[in-house]
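# Tertiary structure, described
Listed below, chain by chain, are the residues.
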Amino acid sequence: MFTGLVQELGTVAALEQQADALRLSIRAPQTVSDARLGDSIAINGVCLTIAELDGDIFCADVMQESLDRTGLGQLKEGARVNVESALLPTTRLGGHMMQGHVDDTARLVSREHSEHWDVLRFSLPRDLARYVVEKGSIAVNGTSLTVSAVGEDWFEVSLIPTTLRETTHGESKVGDIVNLEVDVLAKYVEKMLHPESGSAQAKD
């Protein structure tokens, strides 16, 4: 489990393409300092497992399913990524409960800069729209954010300078693809109220 509070901006150190997978190497000194093999770690909101540690770099294997259904397959060497270690029972829950199971991807369609914050608008996949509400929580590239406005096929978030500085959102450009994870509580409520209907399937 994760909270969506990004601990570190990591850098893609290497990408090793395999037949049906990707070995992803991330340089993240702060995260590696107390990491162990087998630990769960979120990269841009995708829960991965540390398979190798080498100095300030950790490696994780990304299977084809995750490459097909998240934005990890579009990463390039040198790209910055949001890194969060798995939640400890003693950790403050400053964001919201997240699984690291990406529901779908979205595109940044606009960003508006003001003196004290930026407003980012993202496309909203139709099958996820029912889980997204104004003032509700959503994970965008592994960052716990509050929905400031929502339309039929879009939602907006308003980001303070700290978030822009300490996550990849400060560098994101219109057209960029991001990973989305909606609030899992909304899915459980829907299932309890409508047990006969299916819910959005997690994509990792």
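Residues numbered from 1 in each chain as written. Predicted model: local features only at pLDDT ≥ 70, side-chain atom pairs only at ≥ 80, totals over all residues. Heavy atoms only, no water.

### Structural notes on a nonpolar patch on the surface
A surface patch of nonpolar side chains, amounting to about 580 Å² of accessible area, comprises Leu185, Tyr188, Val189, Met192 and Leu193. By secondary structure assignment, the location of Val189 is in helix α4 (residues 184-193). (Patch = residues over 30% accessible without salt bridge, like charges linked within 9 Å, V, L, I, M, F, W, Y side chains within 5 Å. Areas by Shrake-Rupley, 256 points an atom, 1.4 Å probe, with all protein chains shown as cover. Salt bridge = Lys/Arg side-chain N within 4 Å of Asp/Glu carboxyl O. Helix = DSSP H or I, 4+ residues; strand = E, 2+ residues; numbered from the N terminus.)

### Digging into the pattern of salt bridges
In this structure the tally under the stated criterion is 10 salt bridges. When the shortest N-O distance is used, the salt bridge between Arg27 and Asp56 registers 3.5 Å. Of this pair, Arg27 sits in strand β2 (residues 21-27) while Asp56 sits in the loop between β4 (46-54) and β5 (57-63); the two residues are 29 residues apart in sequence, bridging distant segments of the chain. For Asp56, a relative accessible area of 29% corresponds to the partly exposed category. The residue Glu190 makes a salt bridge to Arg130 at a minimum N-O spacing of 2.5 Å. In this pair, Glu190 is assigned in helix α4 and Arg130 in the loop between β8 (118-123) and β9 (137-140), connecting sequence segments 60 residues apart. (Buried < 20%, exposed > 50% of the residue type's maximum accessible area, 1.4 Å probe, protein only.)

### Section: the pairing of strand β3 (residues 40-43)
Sheet analysis places β3 next to β4, joined by four bridges and oriented antiparallel. What sits directly across from Ser40, in β4, is Thr49. Of the strand pairs in this sheet, β3 and strand β6 (residues 80-85) are connected by three bridges, and their pairing is antiparallel. Of the residues in β6, the one forming a bridge with Ile43 is Val83. (Pairing = 2+ DSSP bridges.)

### Quick look at the side chain of Glu181
You can see Glu181 is positioned in strand β12 (residues 177-182). Of note is the side chain of Glu181, whose polar atom sits 3.0 Å from the backbone nitrogen of Gly100. What Glu181 contacts, discounting residues up to four positions off in sequence, is Gly45, Met98, Gln99, Gly100, His101, Asp103, Ile138 and Ala139. (Polar contact = N/O pair within 3.5 Å; in protein donor to acceptor, adjacent residues only side chain to side chain. Contact = heavy atoms within 4.5 Å.)

### Some points on the UniProt feature "repeat: Lumazine-binding" (unreviewed entry) in the chain
Mapped onto this numbering, the UniProt entry gives "repeat: Lumazine-binding" (unreviewed entry) at residues 1-96 and 97-193. Between the end C-alpha atoms of residues 97-193 the distance is 21 Å, and the span holds 16% helix and 41% strand. (UniProt positions renumbered as here; feature names shortened; annotations may be inferred.)

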